[in-house]
Structures are given as structure tokens and as C-alpha cells.
Amino acid sequence: LNRIKEFTVYRPDFGQIVWDGETDIRGLNLDKIVVIQHKEVRVYEDYKDQYPTPNLGEGLNKPATITLYNVFPKSENKKDNYIDKLKSFCNDNDAEFIEYDSESGVWSFHVKHFSKYGLIDDDEDDDEYEKNVEDNKNVNTNLVEVATLNNQNENTMRYGNVKKLIIKS
């Protein structure tokens, strides 16, 4: 677990984070350190007293690609300018815009380190969206599966309810 290539934390319907290169995840409490919600990811933001943010390049505080799902403007009349809003967000947060698919609502961007990255919309429907998805899936923010993907086999362990952690070696 000290040299996981392209370490990924995934939460269905919300998004994923893929860390660049090799990552040492020994001793990390991923349930507490990583949060993926509708239009938002947080790493080392919650439980700071127990899990302080490590130095740049250590732990999960390193470059990664964030992909968020179901990222749509709240109203059709904002659709034309939405990609500009996402690009502006990336610019303002020292992140690199990768792509946005307006049909699927999939938005990807690359960050140099971790903090909180989230998109604030002008409307107030995000909390309701999160509640509806969670009610429908009976999920919370704990990890669902931990999988080790070797060259040809896959081992899976269950941990709680929600995110999927993918370890490629």
C-alpha cells in the first residue's frame, strides 16, 4: 500500500479523484479524509484536528484529476455560459480545466494539491439533489468497496456504504 499507482477514490453518481503517479496510503483513514459530494470534493478538510493536511507531495496532498458527475446548470438559460463558469472556477482555484460534457454533466479538472474544490451555483437545489440521491441509494459518505486491481484479477473488501476505492498496482 505504499506505492499505489494512479490511486483512485470513486463515489457512484458523484465523482472520483485519481492521484498522479504512486501514492502511499498506509495509515490513512479514507472515510474521514476524503469526501466526494454533488459538485464538491474535500480532502483533509474535515477532522483537521485528527488528520491535519500533510506537506505538499505527501499523503493525498499531491496532484490529482478530479471528475465530478451530474454537473449541470440549474436553469436552461444558463447552459450557454456554463462551460465558461467551470473554466473560470478552474482559473480562480489554480486548477487546470480538462473537459466538460454538457450532455452527461461530467466535468474534469486537474489540481496541484488538495483543499476543498466545489462549484457554487446561484440556485439552491444542490442540497435537495444530494438528499434525493442518498435517499434513493441508501448511502452515506463512507467507503463501499476497496478493490485491488492487479494485472488480471480483482480482490474486493466491503467497508461501509458509499465510495469505491480502486487501487491499481
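Notes on the structure follow. Model, not experiment: these values are computed from the prediction. (Residues numbered from 1 in each chain as written. Predicted model: local features only at pLDDT ≥ 70, side-chain atom pairs only at ≥ 80, totals over all residues. Heavy atoms only, no water.)

All told, the structure shown has seven aromatic pairs when counted by the stated rule. Aromatic side chains F89 and W107 sit 5.4 Å apart centroid to centroid with 75° between the ring planes, which places their arrangement in the edge-to-face category. Highlighted residues: F89 in helix α2 (residues 82-92) and W107 in strand β8 (residues 106-111), separated in sequence by 18 residues. Its relative accessible area of 10% is what places F89 among the buried residues. According to the relative accessible area criterion, W107 is buried, its value standing at 1%. The structure contains a cluster of three or more aromatic residues connected by ring pairs, namely F7, W19 and F114. R11 extends its terminal NZ or CZ atom over the ring of F14, reaching a point 3.9 Å from the ring centre. Seen from the ring of Y47, K32 lies directly overhead, with NZ or CZ sitting 4.5 Å from the centre. (Phe/Tyr/Trp six-rings, centres within 6.5 Å; stacked < 30°, edge-to-face > 60°. Helix = DSSP H or I, 4+ residues; strand = E, 2+ residues; numbered from the N terminus. Buried < 20%, exposed > 50% of the residue type's maximum accessible area, 1.4 Å probe, protein only. Lys NZ or Arg CZ within 6 Å of the ring centre and 35° of its normal.)

Glancing now at the side chain of N61. When you line up the elements, N61 lands in the loop between β5 (40-43) and β6 (64-68). What makes N61 buried here is its relative accessible area of 6%. Not counting residues within four places of it along the chain, the set of residues in contact with N61 comprises Y44, T53, P54, N55, L56, H113 and F114. (Contact = heavy atoms within 4.5 Å.)

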